[in-house]
Amino acid sequence: MTIDLSDYEAGKPYDGHYKKKLKKLQDRLSRIHYAHIVHKRRAIILFEGWDAAGKGGIIQRLTAKWDPRYFEVWPIAAPTPEEKARHFLWRFWRRLPSDHNIAIFDRSWYGRVLVERVEGYASEEEWRASYGEINAFEAQQVADGTTLIKIFVHATQDTQDARLKDRIEHPWKRWKTGLDDFRNRARRADYLDAMHDMFRETNTEAAPWIVIDGNDKKAARIAALKAIADALEQQVPMTPPLLDPEVARVAEQALGPLDLATACSDKQNDRV
């Protein structure tokens, strides 16, 4: 199943109360994260997309209310010499989440069919073979009970250029960009070809892609967080743990009467 990125370029500004909607989504994601901890579920959320498309801002807001003990963000850069000496998926196997944990990949194994293909770090035989290897790898994770969410954040050339320019002109943002960004920008047509092939070969029923129009940051963050919340919530029971009667007895002795019914009802149906 292929995807046409030109369908995700409207850049329509977010129409609504951004801060209120964001807070509701973060509260919902917090409960979903607790559900993963309580029910010992695991999930992988990977992000791909253009430089300056807004992946980092989405990740920051996604994890804002999560318990840091039960998630990990993996920023994926060029492989180390140790990693180069092994199969390209080896370094990702080592970062897979355990029970009650969520792993977030800021770039991922798709580097094999994107940057490694475009820049010539992998031969054509290698990157073509990797489509099947990636699909098998992802199917294994899903079959083993891991929720897998694949997010691609798209931005037009004009949007990317405006953001790169802002980074260069803002003294405290300059660290976020470098020569790689401009080298990649110069090969946008090659990356578009690689992305087209990637979507065609890896947008599978077991592990579909979710494309986010990143041309308006606020709209992109809301869309991405809602898509992630929906996908995570489908795979975990959203029932809070039962209170141990002995804990309840001791708590009431120490704290007085507990209004458990009200506390539960206030938190259950706050869907966005």
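Look above for the structure.
Structure report, in brief. Owing to the predicted nature of the structure, the values given are computational and were not obtained by experimental measurement.

## What about empty space enclosed by the protein?
Rolled over the atoms, a probe sized like a water molecule indicates the empty space that remains.
Alright, step 1. Inspection of every chain in the model, using the stated rule, returns one cavity of 30 Å³ or more.
Alright, step 2. Reported here for the largest cavity is a volume of approximately 40 Å³.
Alright, step 3. Forming the walls of the largest cavity are A53, G54, G57, I58, G214, K217, A220 and R221.
Alright, step 4. When residues of the lining of the largest cavity are traced back to their parent elements, those giving at least two are α2 (55-62) and α10 (217-233).
Alright, step 5. No other element matches the three residues that α10 contributes to the lining of the largest cavity.

## Re unusual backbone geometry
Alright, step 1. We note that A52 has phi near 70 degrees; this positive angle belongs to a residue other than glycine.
Alright, step 2. Relative to the helices and strands, A52 resides in the loop between β1 (43-49) and α2.
Alright, step 3. When its relative accessible area of 7% is taken as the criterion, A52 is described as buried.

## Side note on the pairing of strand β3 (residues 102-106)
Alright, step 1. Burial of β3 is extensive: four of the five residues sit out of reach of the surface.
Alright, step 2. Note: β1 against β3, five bridges, orientation parallel. Note that in β3 the partner of I45 across the bridge is I104.
Alright, step 3. Sheet analysis places strand β2 (residues 71-75) next to β3, joined by five bridges and oriented parallel. Looking across to β3, one finds that E72 is bridged to A103.

## Comments concerning a nonpolar patch on the surface
Alright, step 1. A surface patch of nonpolar side chains, about 460 Å² in accessible area, is lined by L243, V247, L255, L258 and L260.
Alright, step 2. With respect to the helices and strands, L260 occurs in helix α12 (residues 260-268).
Alright, step 3. Exposure remark for L260: the relative accessible area of 48% places this residue in the partly exposed category.

## A few points about the pattern of salt bridges
Alright, step 1. Counted by the stated rule, this structure contains 26 salt bridges.
Alright, step 2. For R42, the salt bridge goes to D144, with nearest N and O atoms at 2.6 Å. In this pair, R42 is assigned in the loop between α1 (18-38) and β1 and D144 in the loop between α6 (124-143) and β4 (147-154), connecting sequence segments 102 residues apart.
Alright, step 3. In this structure, the salt-bridge partner of D190 is R187, at a minimum N-O distance of 3.0 Å.

## Observations regarding the side chain of S130
Alright, step 1. When you line up the elements, S130 lands in helix α6.
Alright, step 2. Not counting residues up to four positions away in its chain, the partners in contact with S130 are F88, R112 and V113.

## Things to note about the packing of α6 against helix α9 (residues 188-202)
Alright, step 1. Two numbers describe how α6 lies on α9: the axes approach to 10 Å, and their chain directions differ by 45 degrees. Classified by the angle between their axes, α6 and α9 sit oblique to one another. Seen from above, α6 lies across α9 with right-handed handedness. When α6 is examined against α9, the residues Y131, I134 and N135 are found in contact with a partner set consisting of D197, M198, E201 and T202.
Alright, step 2. In the contact of α6 with α9, the residues fall into three nonpolar, two polar and two charged.

## Some words on helix α7 (residues 157-169)
Alright, step 1. The end-to-end C-alpha separation of α7 is 18 Å, in line with the 18 Å expected for 13 residues at 1.5 Å each.
Alright, step 2. For α7, the complete set of buried residues consists of T159, Q160, R163, L164 and R167. Down the axis of α7, the buried side of the element spans an arc of 130 degrees, and every buried residue falls inside it. Across α7 from its buried face, at more than 90 degrees, point the exposed residues D158 and E169.

Reading the values: rules and limits
- Residues numbered from 1 in each chain as written.
- Predicted model: local features only at pLDDT ≥ 70, side-chain atom pairs only at ≥ 80, totals over all residues.
- Heavy atoms only, no water.
- 1 Å grid on protein atoms, 1.4 Å probe; cavity = no way out; pocket = protein on both sides within 12 Å on 5 of 7 lines; lining within 4 Å.
- Points joined across faces, edges and corners; volume = space filled by probe spheres on them.
- Helix = DSSP H or I, 4+ residues; strand = E, 2+ residues; numbered from the N terminus.
- Buried < 20%, exposed > 50% of the residue type's maximum accessible area, 1.4 Å probe, protein only.
- Pairing = 2+ DSSP bridges.
- Patch = residues over 30% accessible without salt bridge, like charges linked within 9 Å, V, L, I, M, F, W, Y side chains within 5 Å.
- Areas by Shrake-Rupley, 256 points an atom, 1.4 Å probe, with all protein chains shown as cover.
- Salt bridge = Lys/Arg side-chain N within 4 Å of Asp/Glu carboxyl O.
- Contact = heavy atoms within 4.5 Å.
- Axes fitted to C-alpha atoms, helices over the stretch in contact; angles between N-to-C directions.
- Parallel < 35°, antiparallel > 145°, perpendicular 65-115°, else oblique.
- Left-handed = near helix turned anticlockwise from the far one by under 90°.
- Nonpolar A, V, L, I, M, F, W, Y, C, P; charged D, E, K, R; others polar.
- Expected span 1.5 Å × (residues − 1).
- Arc of directions from axis to C-beta.

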